[in-house]
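# What the coordinates show
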Amino acid sequence: MKTFKFTLAILSLLSISQFSFAQEKTVTVGGAPMYPSKNIIENAVNSKDHTTLVAAVKAAGLVETLSGPGPFTVFAPTNKAFDKLPKGTVETLVKPENKETLTKILTYHVVPGKMSAADLMKAIMDGGGKATLKTASGGTLTAMMKGKKIELMDAKGGTSTVTIADVNQSNGVIHVIDTVLMP
């Protein structure tokens, strides 16, 4: 009888865990579901809107880092964001001799720790309308509100808007942005 109850308990737990995985809350980015149980790289490679970013991350040798435990907050520019750069910029940056520059630009889009949109908005309100974010490259981004959207200003005064917020990952969160930020 004890064995039967134990087996039944194990089967119940397995059913519950399978049910919760099946019910995992995803956000669709670039036509693909982003699973909170997967890491940043495992999800990003499936987004049709982030093929340029993924290629750049590979060229910079950051795949292992962004697959690591984190947590990270990644402001992920779309392919259209990269298309706004002057013609030939991406092709030049992914060359091996430009790896250091590419790495600096990409890590400028990463903030150590996990900051949800609510966390960012709270920091902006606490900062009187602006929040300074320290990036993994050592630079700073300024976060502010533009209507109901979060906007980021880079070191050169360029701005980017968060178009999809709170894409949760096992090792942090991604916020999709519409412009590449420059250190």
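One structure accompanies this document, and this report is about it. Computed from a prediction, not measured in an experiment: that's the story for all the values here.

What follows deals with the overall build of the protein chain. When its secondary structure is counted, the protein chain shows eight helices and nine strands. A sequence separation of at least 24 residues applies to 58% of the contacts in the protein chain between residues at least 6 apart.

Here the focus is unusual backbone geometry. Residues Gly 70 and Pro 71 are joined by a peptide bond in cis, for which omega reads 5°. Inspection of the secondary structure puts Pro 71 in the loop between helix H4 (63-67) and strand S3 (72-77). The backbone of Asp 166 sits at a positive phi, close to 55°, despite the residue not being glycine. Looking at the element boundaries, Asp 166 is found in strand S8 (residues 159-169). Here Asp 166 falls in the partly exposed class, since its relative accessible area comes to 28%.

As a further point, take the pattern of salt bridges. Applying the stated criterion across every chain yields a total of two salt bridges. The partner of Asp 126 in a salt bridge is Lys 122, with the nearest N and O atoms 2.7 Å apart. Within this pair, Asp 126 and its partner Lys 122 are both found in helix H8 (residues 117-126), separated by four residues, close to a single helical turn. For Glu 151, the salt bridge identified is with Lys 146, shortest N-O distance 3.7 Å.

With that settled, the discussion passes to empty space enclosed by the protein. This structure, assessed with the given rule, holds one cavity of 30 Å³ or more. Space inside the largest cavity adds up to approximately 40 Å³. Together, Ala 56, Phe 82, Val 90, Leu 93, Val 94, Leu 102 and Ile 105 line the largest cavity. Every element with two or more residues in the lining of the largest cavity is listed here: helix H6 (89-93) and helix H7 (99-107). The class makeup of the residues in the lining of the largest cavity is seven nonpolar, no polar and no charged.

A separate point is the sheet that holds strand S9 (residues 172-177). Strand order in the open sheet made by the seven strands is S4-S3-S9-S8-S7-S6-S5, with mixed pairing throughout. Whereas interior strands pair on both sides, the edge strands pair on one side only; in this sheet they are strand S4 (110-112) and strand S5 (130-134). Each adjacent strand pair in this sheet contributes to an overall mean axis angle of 30°, direction not counted. Two strands pair when backbone bridges link them, and strand S7 (residues 149-153) and S8 are joined in this way by three bridges, in the antiparallel orientation. Each residue of the ladder has a partner; that of Met 153, found in S8, is Thr 159. Across the face of the sheet, H8 comes into contact with S3, S5, strand S6 (140-146), S7, S8 and S9 while running at roughly 120° to S5.

Parameters at a glance
- Residues numbered from 1 in each chain as written.
- Predicted model: local features only at pLDDT ≥ 70, side-chain atom pairs only at ≥ 80, totals over all residues.
- Heavy atoms only, no water.
- Helix = DSSP H or I, 4+ residues; strand = E, 2+ residues; numbered from the N terminus.
- Contact = heavy atoms within 4.5 Å.
- Buried < 20%, exposed > 50% of the residue type's maximum accessible area, 1.4 Å probe, protein only.
- Salt bridge = Lys/Arg side-chain N within 4 Å of Asp/Glu carboxyl O.
- 1 Å grid on protein atoms, 1.4 Å probe; cavity = no way out; pocket = protein on both sides within 12 Å on 5 of 7 lines; lining within 4 Å.
- Points joined across faces, edges and corners; volume = space filled by probe spheres on them.
- Nonpolar A, V, L, I, M, F, W, Y, C, P; charged D, E, K, R; others polar.
- Pairing = 2+ DSSP bridges.
- Axes fitted to C-alpha atoms, helices over the stretch in contact; angles between N-to-C directions.

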